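Survey of secondary and tertiary structure
Chain by chain, the residues run as shown.
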Amino acid sequence: MMRIDVLTLFPEMFESPLSHSILKRARQRDIVQIVLSNIRQFATDAYRKVDDKPYGGGAGMVMMCPPVFACVEHVRAEAPEPGRVILLTPQGAPLTQAKVVELSREPRLILIAGRYEGFDERIREGLDAEEISIGDYVLSGGELAAMVVIDAVVRLLDGALGDEDSAAQDSFSDGLLEYPHYTRPEVFRGMRVPEILLSGDHGKIAQWRMEQSLRRTQQRRPDLYAAWLARRQAENKIPQNDKKQEIET
Ligand code: ADE
């Protein structure tokens, strides 16, 4: 069973997301153990101080080293694996599906969510922590980012998804966006399901879906499309300069 420790000033923020759907089921089935720790309980002074003014001046407050180190040392003593320490910050490496897959293979993660302007740099240095960002925008704390990491990682763990769901089919698992989906009714407010999906011709359907995936990726995410093409060419699946695979838009 994977263990995920979450170190935060707001453990209550995690309760609802961890208590529904896939995360709830994964915890009930002992696929993952998620342990929430309140950093404030490890404050070393009488006021339970966890942040202070930045050396050198400037706006905002900085998360202090002593409570964070004490909290990490406390949770580390609870299980044998040291755990991979991750700080959620906008300065981190961007979270990608490849990174999520990598994290899902770890026996233990220690996620540290910060509030205020950021962490004292010695937290990253002294704990040999890596930083992860969930995107190029600024949240008011790392909690929501930690929840995003947990959700994306846990759904990949063996047994977390039901039989009908499959992580292998996800967007990004092959570097392309997913094709469009349809279900009943066949006509809704004049909008028809594409005829080919009703044809029963599985070969043609698979080909149509692949074309749709490629077209959508090319239109919406030219960055992903270029990376996919480059990968295909590197694998020699497409001879260089072959224009046939390019989709008209
Ligand atoms: N904390 C604040 N903003 C963040 C972001 N974009 N990703 C991860 N942690 C954050």
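Just so you know, these numbers come straight off a predicted model, no measurement behind them.

**Things to note about the site of the ligand**
The local shell around the ligand holds 13 residues, among which Thr 89, Ile 134, Gly 135, Tyr 137 and Leu 139 are the closest. The backbone of Ile 134 places a nitrogen or oxygen atom 3.0 Å from a nitrogen atom of the ligand. One nitrogen or oxygen atom from the main chain of Tyr 137 is found 2.8 Å from a nitrogen atom belonging to the ligand. When the free accessible area of the ligand is taken as 260 Å², the share hidden by the protein chains comes to 96%. At the level of secondary structure, the elements contributing two or more residues to the shell around the ligand comprise strand S5 (84-94) and strand S8 (130-133). With three residues, S5 is the largest single contributor of residues to the shell around the ligand.

**Regarding the sheet that holds strand S2 (residues 32-38)**
The strands making up a sheet associate through hydrogen bonds between their backbones, and the pairing can be parallel or antiparallel. Across the sheet, five strands lie side by side as S2-S1-S6-S5-S8; this open sheet has parallel pairing. Only two strands of the sheet have a single neighbouring strand rather than two, namely S2 and S8. Across the sheet, the mean angle separating the axes of adjacent strands is 30° when strand polarity is ignored. Here strand S1 (residues 2-8) runs beside S2; their pairing, made up of seven bridges, is parallel. Its bridge partner being in S2, Val 6 is matched across the sheet by Leu 36.

**A closer look at the pattern of salt bridges**
Tallied over the full model, the rule gives 14 salt bridges. In this structure, the salt-bridge partner of Lys 99 is Glu 130, at a minimum N-O distance of 3.1 Å. With a gap of 31 residues between them, Lys 99 in helix H4 (residues 97-104) and Glu 130 in strand S8 connect regions that are remote in the sequence. For Lys 204, the salt bridge identified is with Asp 201, shortest N-O distance 3.7 Å. The partly exposed category is assigned to Lys 204, whose relative accessible area is 48%. By sharing partners, the salt bridges in this structure join Arg 84, Lys 99, Glu 102, Glu 106 and Glu 130 into a single network.

**Brief notes about the sheet that holds strand S3 (residues 51-52)**
Spatially, three strands are ordered S3-S4-S7 in an open sheet, and the strand pairing comes out mixed. Only two strands of the sheet have a single partner each, and these edge strands are S3 and strand S7 (118-119). When S3 meets strand S4 (residues 62-63), the two strands line up antiparallel, connected through two bridges. Directly across from Asp 52, in S4, lies its bridge partner Val 62.

**Topic: helix H7 (residues 202-220)**
Over its 19 residues, H7 extends 27 Å from the first C-alpha to the last, a length consistent with the 27 Å expected when each residue adds 1.5 Å. Within the sequence span of H7, burial applies to Ile 205, Trp 208, Gln 212, Ser 213, Leu 214 and Thr 217. If you follow the buried residues of H7, they end up packed against helix H8 (222-234).

**Digging into unusual backbone geometry**
The residue after Arg 184, namely Pro 185, is reached through a cis peptide bond having omega 0°. Mapped onto the elements, Pro 185 comes out in the loop between helix H6 (143-154) and strand S9 (187-188). Located in the positive-phi region is Asp 30, a residue other than glycine, with phi close to 60°. Within the secondary structure, Asp 30 is located in the loop between helix H2 (21-28) and S2. Phi is positive for Arg 48, which is not a glycine, with a value near 60°.

The rules behind these values
- Residues numbered from 1 in each chain as written.
- Predicted model: local features only at pLDDT ≥ 70, side-chain atom pairs only at ≥ 80, totals over all residues.
- Heavy atoms only, no water.
- Near = heavy atom within 4 Å.
- Polar contact = N/O pair within 3.5 Å; in protein donor to acceptor, adjacent residues only side chain to side chain.
- Areas by Shrake-Rupley, 256 points an atom, 1.4 Å probe, with all protein chains shown as cover.
- Helix = DSSP H or I, 4+ residues; strand = E, 2+ residues; numbered from the N terminus.
- Pairing = 2+ DSSP bridges.
- Axes fitted to C-alpha atoms, helices over the stretch in contact; angles between N-to-C directions.
- Salt bridge = Lys/Arg side-chain N within 4 Å of Asp/Glu carboxyl O.
- Buried < 20%, exposed > 50% of the residue type's maximum accessible area, 1.4 Å probe, protein only.
- Expected span 1.5 Å × (residues − 1).
- Contact = heavy atoms within 4.5 Å.

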